[in-house]
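Chain residues, written in single-letter form:
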Amino acid sequence: MDKRFANIFGLDEAQSIELLDTPIDQLAADDSRYVAAAQLANYNSDASIAALIRAVHNTDDSLDNKITRRKSVESLGKLKAKAALPDIQACLTDPDPYTVEVAAWAIGEIGTADKTILETVAQQLARPNQTYRVMIHTLAKLGYGEACDRIRPFTQSDDELVASAAITAICRFTQDDSEMGKVVDYLQHESVNARRACLQDLMDARYYPAITQIARCPISVAFRLRAVKQLTEAGLAEGRLSEADVLPILDQVLRDHPKDIDCVHAYDRPPSLDFLIQELYQTDFGRAYLAIDTLLEQHAEAGPDELLAAYAGEARNDYGAHYHVMKLLGWLKYEPGYDLLIEGLQNTSPQYLKSRAAGAIALGELGDTRAIPALKESLKTPIWTLQYGAILALEQLGETDFTLPEAMDELVRLRAAAVQQPSPVG
């Protein structure tokens, strides 16, 4: 479990258990049992699991308690608490559809081969107004083929997220991938949620033919990198993909240039530079990529000054916009941005992780060889995206004399070897 954001609420295990066990009518005004339930996901102990199970059995009808119950089930799922499976199974028949949803998700996270539990999940597909996508995911993930015929009608759902999950589940159960092209098509859906959802489904199905389209999907680089990395690693291990297939795709996704993205949005009139800058804050990265492409084409001269003004204001504290600013300074060849890019390269705050690799690549685009020592230093980190981005930058700067730690990601090793191995003499 990722511990980078653990204990953000300032509660230790004992305090969280005490608060979660506090009767609702005895809570102080600023007490939150929901927060306590969330915090216990960081403590994988018998005491924490028992406290969360007690909270699940608290059926007080208040909204606050309903929300706390859901969070308790979620935390049990995160802890992969097998002892809690019977208690979570009971939540599948709860009248609250949100509790049913999180219970199905938690069972998928914990994992089980108990057909009684899995059949209970499958039976919820017949209930109206449920989150069918989560149930279908859990049934497919845990290999409950007995639900196949009950899942099949959902392949025709008007809800793209449900249809994508159902098509993928049928493919996994039957090995028939003839309908997976429909899931690939969702990568260009106008809804960012549909794009993200089908990306997960393509990963789950290990549908290798979609890798090229995934790389060009207009969503955050973090989602695309996770998908491409998982699929390329599996494809290499299974002999379905070669290094020649994999490395160009990884290079493309890490560089993350808008020309390599198939945008689903368009402008109906020429946008102003101020508007384009504000689009960098969009949570739908499809809009951000369109803005970046337009800025590079139409505002290359005025863009850098406006970018730096934005950075000094909001962008410094918005990690999505910060990432885009790092990339743009490199593509705009803005030499006064060198110090800012070094700062981005060396920023160790977890929310700015994407900016470190972006800063490395932008330094390569800038062409300033002063960056070589800092790029080599960044190779010592355990962050594979930063290592990979630094290698791309060093290659662009003409520097191939570098070393990597012995323990490194296999994809990073392959990329380093491609840079450092001597060219064959013809």
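Where do I start with the packing of aromatic side chains in this structure?
All chains considered together, the criterion is met by four aromatic pairs. Geometrically, the ring pair formed by Tyr267 and Phe275 is edge-to-face, given 5.9 Å between the ring centres and 75 degrees between the ring planes. Overall, the relative accessible area of 26% leaves Tyr267 in the partly exposed class. Ring geometry for Phe285 and Tyr289: centres 6.0 Å apart, planes at 70 degrees, overall edge-to-face. In this pair, Phe285 and Tyr289 are both assigned in helix α17 (residues 285-298), four residues apart and thus about one turn of the helix distant. On the basis of relative accessibility, which here comes to 8%, the residue Phe285 falls in the buried class. Tyr289 gets classed as buried once you look at its relative accessible area, which sits at 0%. For Lys354, the ring lying beneath its charged end belongs to Tyr323, and the centroid distance is 5.7 Å.

Teacher, can you tell me more about the nonpolar core here?
For soluble globular proteins, nonpolar side chains are generally found buried alongside one another. Counting 91 residues, the largest nonpolar core has Leu202, Ile214, Leu328 and Leu375 as its most contacted members. For this core, the leading source of residues is helix α23 (residues 384-396), giving eight residues. If we ignore the near neighbours within four places in the chain, the residues touching Leu328 are Leu280, Ile292, Leu295, Leu296 and Leu307. The next biggest cluster of nonpolar side chains, apart from the first, holds 52 residues, and it includes Cys91, Ala106, Ile136 and Ala169.

Please explain empty space enclosed by the protein as it appears in this structure.
As enumerated under the stated definition, the model contains one cavity of 30 Å³ or more in all. Within this model, the largest cavity holds a volume of roughly 40 Å³. Lining the largest cavity are Ile136, His137, Ala140, Ala165, Thr168, Ala169, Arg172, Asp201 and Asp204. Within the residue set of the lining of the largest cavity, elements represented by two or more residues are α8 (132-141), α10 (160-174) and α12 (192-204). Sorting elements by how many residues they give to the lining of the largest cavity places α10 first, with four residues.

Looking at this model, I keep getting lost on the packing of α23 against helix α24 (residues 410-420). Mind explaining?
Geometry of a packed helix pair, given as the angle between the helix axes and the separation of the axes. Running from N to C, α23 and α24 point in directions that differ by 10 degrees, and their axes come no closer than 9 Å. When the axis of α23 is compared with that of α24, the two are roughly parallel. In contact with Trp384, Gln387, Tyr388, Ile391, Leu392 and Glu395 of α23, α24 contributes Leu411, Val412, Arg415, Ala416 and Val419. Tallied by class, residues from the contact of α23 with α24 come to eight nonpolar, one polar and two charged.

How should I be thinking about helix α6 (residues 97-110) in this particular structure?
An α-helical turn contains 3.6 residues, so any two residues separated by three or four positions project in the same direction. Here α6 spans 20 Å end to end across 14 residues, near enough to the 20 Å set by a 1.5 Å rise per residue. Every buried residue belonging to α6 is among Thr99, Val100, Val102, Ala103, Ala104, Ala106, Ile107, Gly108 and Ile110, and all of these are buried. The inward-facing, buried residues of α6 contact α4 (63-78), α5 (85-91), α7 (115-123) and α8.

Where do I start with the packing of helix α15 (residues 243-255) against α23 in this structure?
Where α15 meets α23, the closest approach of the two axes is 11 Å, and the angle between their N-to-C directions is 95 degrees. In terms of their interaxial angle, α15 and α23 are classed as roughly perpendicular. On the side of α15, the interface is formed by Leu247, Leu250, Asp251, Leu254 and Arg255, while α23 contributes Trp384, Thr385, Tyr388, Leu392 and Gln396. Its residues assigned to classes, the contact of α15 with α23 shows six nonpolar, two polar and two charged.

What should I look at first to understand unusual backbone geometry in this one?
Apart from glycine, the bulk of residues carry a negative phi angle, and the bulk of peptide bonds sit in the trans form. Here Gln175, not a glycine, exhibits a phi torsion of approximately 65 degrees, which is positive. For Gln175, the position within the fold is in the loop between α10 and α11 (180-185). Residue Gln175 is classed as exposed on the basis of its relative accessible area of 64%. Located in the positive-phi region is Lys333, a residue other than glycine, with phi close to 55 degrees. Topologically, Lys333 is positioned in the loop between α19 (319-331) and α20 (338-345).

Would you explain the environment of Thr385 in this entry?
Structurally, the position occupied by Thr385 is in helix α23. For Thr385, a relative accessible area of 13% translates into the label buried. Spatially, the C-alpha atom of Thr385 lies 9.8 Å from that of Leu411, the residues being 26 residues apart in sequence. Setting aside chain neighbours within four positions, we find Thr385 in contact with Leu225, Leu254 and Ala357.

What am I meant to see in the environment of Leu308 here?
Residue placement: Leu308 occurs in helix α18 (residues 303-312). Residue classification places Leu308 among the partly exposed positions, given a relative accessible area of 26%. Contacts of Leu308, omitting those with residues within four sequence positions, involve Leu329, Tyr334 and Leu340.

I'm lost on a nonpolar patch on the surface in this one. Help?
Together, Tyr34, Leu63 and Ile67 line one region of the surface with nonpolar side chains, adding up to about 270 Å² of accessible area. Along the chain, the position of Ile67 falls in helix α4. What makes Ile67 partly exposed here is its relative accessible area of 32%.

Conventions we followed
- Residues numbered from 1 in each chain as written.
- Predicted model: local features only at pLDDT ≥ 70, side-chain atom pairs only at ≥ 80, totals over all residues.
- Heavy atoms only, no water.
- Phe/Tyr/Trp six-rings, centres within 6.5 Å; stacked < 30°, edge-to-face > 60°.
- Buried < 20%, exposed > 50% of the residue type's maximum accessible area, 1.4 Å probe, protein only.
- Helix = DSSP H or I, 4+ residues; strand = E, 2+ residues; numbered from the N terminus.
- Lys NZ or Arg CZ within 6 Å of the ring centre and 35° of its normal.
- Core = buried A, V, L, I, M, F, W, Y, C linked by side-chain atoms within 4.5 Å.
- Contact = heavy atoms within 4.5 Å.
- 1 Å grid on protein atoms, 1.4 Å probe; cavity = no way out; pocket = protein on both sides within 12 Å on 5 of 7 lines; lining within 4 Å.
- Points joined across faces, edges and corners; volume = space filled by probe spheres on them.
- Axes fitted to C-alpha atoms, helices over the stretch in contact; angles between N-to-C directions.
- Parallel < 35°, antiparallel > 145°, perpendicular 65-115°, else oblique.
- Nonpolar A, V, L, I, M, F, W, Y, C, P; charged D, E, K, R; others polar.
- Expected span 1.5 Å × (residues − 1).
- Patch = residues over 30% accessible without salt bridge, like charges linked within 9 Å, V, L, I, M, F, W, Y side chains within 5 Å.
- Areas by Shrake-Rupley, 256 points an atom, 1.4 Å probe, with all protein chains shown as cover.
- Salt bridge = Lys/Arg side-chain N within 4 Å of Asp/Glu carboxyl O.

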